[in-house]
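# Architecture and fold: a report
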Amino acid sequence: MKLTFLGAAGEVTGSCLRVDHERGSFLVDCGLFQGGREADRKNREALNFDLRDIDFVLLTHAHLDHTGLVPRLVALGYKGRVFATAATVDLLGVMLMDSAHIQEKEAEWALRNRRARKAGRSGEVAPLYTVEQARASLGRLRTAAFDETITPGAGVRCRFRNAGHILGSSIIEIDVEERGHTRRLVVSGDLGQPMRPVLQDPVRIPEADYLCVESTYGNRAHRSFTDTCDELAEALQRTLKVLGGNVIIPAFAVGRTQELLFVLADLVRAGRIDRLDVVVDSPMASAVTELTVRHDDLWDDETRELYAWTRQHADRFNLRLVQDVEESMALNSVRGGLVIISASGMCDAGRIKHHLRHNVGRRECAIVIAGFQAAGTLGRRLVDGARQVTLFGERIPVRARIHTIGGLSAHADQPALLNWLRGFRRPPRQTFVVHGEPVAAAALVERIEQDLGWRGVEVATPGVVSVLA
């Protein structure tokens, strides 16, 4: 069996693992590269191999850095099945269509941009894939129930286990039979932080011969959830009640938005804030929030209780889901009193860019960064203290207060990652650390070796074929 890391090796985005074995080949995840000047080139070159060799695809969860190239995969000729949990399949019905819409709109915008026209030979900028291609790719999706064994291809059995990261997210146990022996590969996907709102905690896996584990926060511990809620409450009180501005929160439509709604509602229920007017300005986030309600079997008990409370106290927690463009544009004229949650979470696309344009230059406003910001993204520049940013070709000074509240991350931090790894009864033969920037990945390798005493641990190398011992 051989592993080739086609993405998310030494970086956080572009997750795609190719597994070759004696009876075939398959992919685990097929994600977009995001952030930085090289992302578009990487996305266009990512599937530069014979797709007829791929028997099937397994998806750990719905985030686009794990699934966003599926439409391109199908458009380039892939005819096989793509397996994911039921909630992930439901989410992709929204997310891939939204991604394709953004691809088309940004290609149209680039055509009007002089620098983009100079970049191409013919002055044309084609989208990575179209809405119709995304719709066609949905026909390749097949559902797999949590904890049930499926046989997606010859010599391969797998189980999807709850990863607690976002709705439907999974750790995948993959048993591959070769020469009369079965070896187990475990792919962690993205692991959730235990004891966080909405979802159940990640399942611990007892056995693996080979392991791929994420390392997004492999070099740090999150702030405590209590401290995070305290800072968020202070930012809300100061901005909304004292300064009279708006609070803008960039958030991923899947997972982060729903967790933020829980936290905001809980602050009101606890009396930390009298009342809140919250706007979710993202058609995708609105649709995902409705799907989250539909999949309440994946919630934890506290979320069930809070949801019941919000339905009885709509006067104190006023939530509005914005769909159409006109209603979204009208928000730009509201000078204060709103909490606006909008996508994308790293501020590089979507309606959040418009809300930043109208609020980041105002001293009475606040920008709350509540999740990981990849290198090269607008969100990362805000976190790093940029004094001005460029939005739609306009340079805008950053005058709003920037709050980074890492305790709301949907990713496990270093202590949580190590605790999850302690669930294995014995060390895997080989462990590959993926989905982390170089410093984070290297730090996790060091801690695994020192704290757990494991051997055969390494940071995955992009494009290099690893032959499993």
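Refer to the structure above for everything that follows.
Being a predicted model, the structure only gives us computed values, none of them experimental. Residues take numbers from 1 onward in each chain, read along the sequence in its written order. Side-chain atom pairs in this predicted model are given and counted only at pLDDT of 80 or more, local residue features only at pLDDT of at least 70, and totals for whole chains, interfaces and linings cover all residues. Note: side-chain values were computed over all heavy atoms of the structure, leaving out hydrogens and water.

### What about helix α10 (residues 301-312)?
Quick reminder: α-helices carry 3.6 residues per turn. Residues three or four places apart thus point the same way. Secondary structure elements are defined from DSSP: runs of H or I of at least 4 residues count as helices, runs of E of at least 2 residues count as strands, and each element is numbered from the N terminus. Here the expected span of a helix is defined as 1.5 Å times the quantity of residues minus one. The end-to-end C-alpha distance of α10, which contains 12 residues, comes to 18 Å, matching closely the 16 Å that a straight helix rising 1.5 Å per residue would cover. Every buried residue belonging to α10 is among Thr303, Leu306, Trp309 and Thr310, and all of these are buried. All buried residues of α10 fall inside an arc of 120° around its axis, so they share one side. With respect to the buried face of α10, the exposed residues turned more than 90 degrees away are Asp301, Glu305, Arg311 and Gln312. Where α10 is buried, its residues meet α8 (256-269) and β14 (317-322). Throughout this description, buried means an accessible area under 20% of the type-specific maximum (1.4 Å probe, protein chains only), exposed means over 50%, and partly exposed covers the range between. In this description, the arc belongs to the directions extending from the helix axis to the C-beta atoms. Contact between two residues is taken to exist if any of their heavy atoms lie within 4.5 Å; hydrogens are not considered.

### Focus on the pairing of strand β7 (residues 149-153)
By definition, two strands form a pair when at least two bridges between them are found by DSSP. Pairing geometry for β7 and strand β8 (residues 156-162), over three bridges, is antiparallel. Pairing of threonine 149 across the sheet is with arginine 159, part of β8. Counting the residues in the hairpin turn of β7 and β8 gives two residues, including glycine 155, whose phi is positive at 75°.

### Description of the environment of isoleucine 150
Along the polypeptide, isoleucine 150 turns up in strand β7. The class of isoleucine 150 is buried, set by a relative accessible area of 17%. Along the sequence, isoleucine 150 and aspartate 300 sit 150 residues apart, while their C-alpha atoms lie 26 Å from each other. Aside from chain neighbours lying at most four places away, what touches isoleucine 150 is Phe83, Ala144, Val156, Arg157, Cys158 and Phe160.

### Focus on the side chain of histidine 21
You can see histidine 21 is positioned in strand β2 (residues 16-21). Not counting the four nearest positions on each side in its chain, histidine 21 is found in contact with Met1, Phe26, Ala154, Val156, Val176 and Glu178.

### Some points on the sheet that holds strand β4 (residues 56-58)
Here we have seven strands laid out as an open sheet, ordered β6-β5-β4-β3-β2-β1-β22, and mixed in their pairing. What marks the edges here is a single partner per strand, and that holds for β6 (141-143) and β22 (465-467). Pairwise comparison of adjacent strand axes, ignoring direction, gives a mean angle of 25° for this sheet. To define axes, lines are fitted to C-alpha atoms, for helices over the stretch in contact only, and angles between the resulting N-to-C directions are given on a 0 to 180 degree scale. Against the sheet, helix α4 (residues 86-111) contacts β5 (81-84) and β6, and its axis sits at roughly 150° relative to β6.

### Things to note about the packing of α8 against α10
At a closest axis distance of 10 Å, the pairing of α8 and α10 adopts a crossing angle of 65°. In this view, α8 runs roughly perpendicular relative to α10, as classed from their interaxial angle. As for the relative orientation of α8 and α10, their crossing is left-handed in sense. For the pair α8 and α10, the contacting residues are Phe262, Ala265, Asp266, Val268 and Arg269 in the first and Glu302, Thr303, Glu305, Leu306, Trp309 and Thr310 in the second. Broken down by class, the residue content of the contact of α8 with α10 amounts to five nonpolar, two polar and four charged. Note on angle classes: values under 35 degrees are labelled roughly parallel, values over 145 roughly antiparallel, values of 65 to 115 roughly perpendicular, and the remainder oblique. Should the near helix be turned anticlockwise from the far one by less than a right angle, the crossing is termed left-handed; should it be turned clockwise, right-handed. Each residue gets one of three labels, nonpolar for Ala, Val, Leu, Ile, Met, Phe, Trp, Tyr, Cys and Pro, charged for Asp, Glu, Lys and Arg, and polar for the others, Gly among them.

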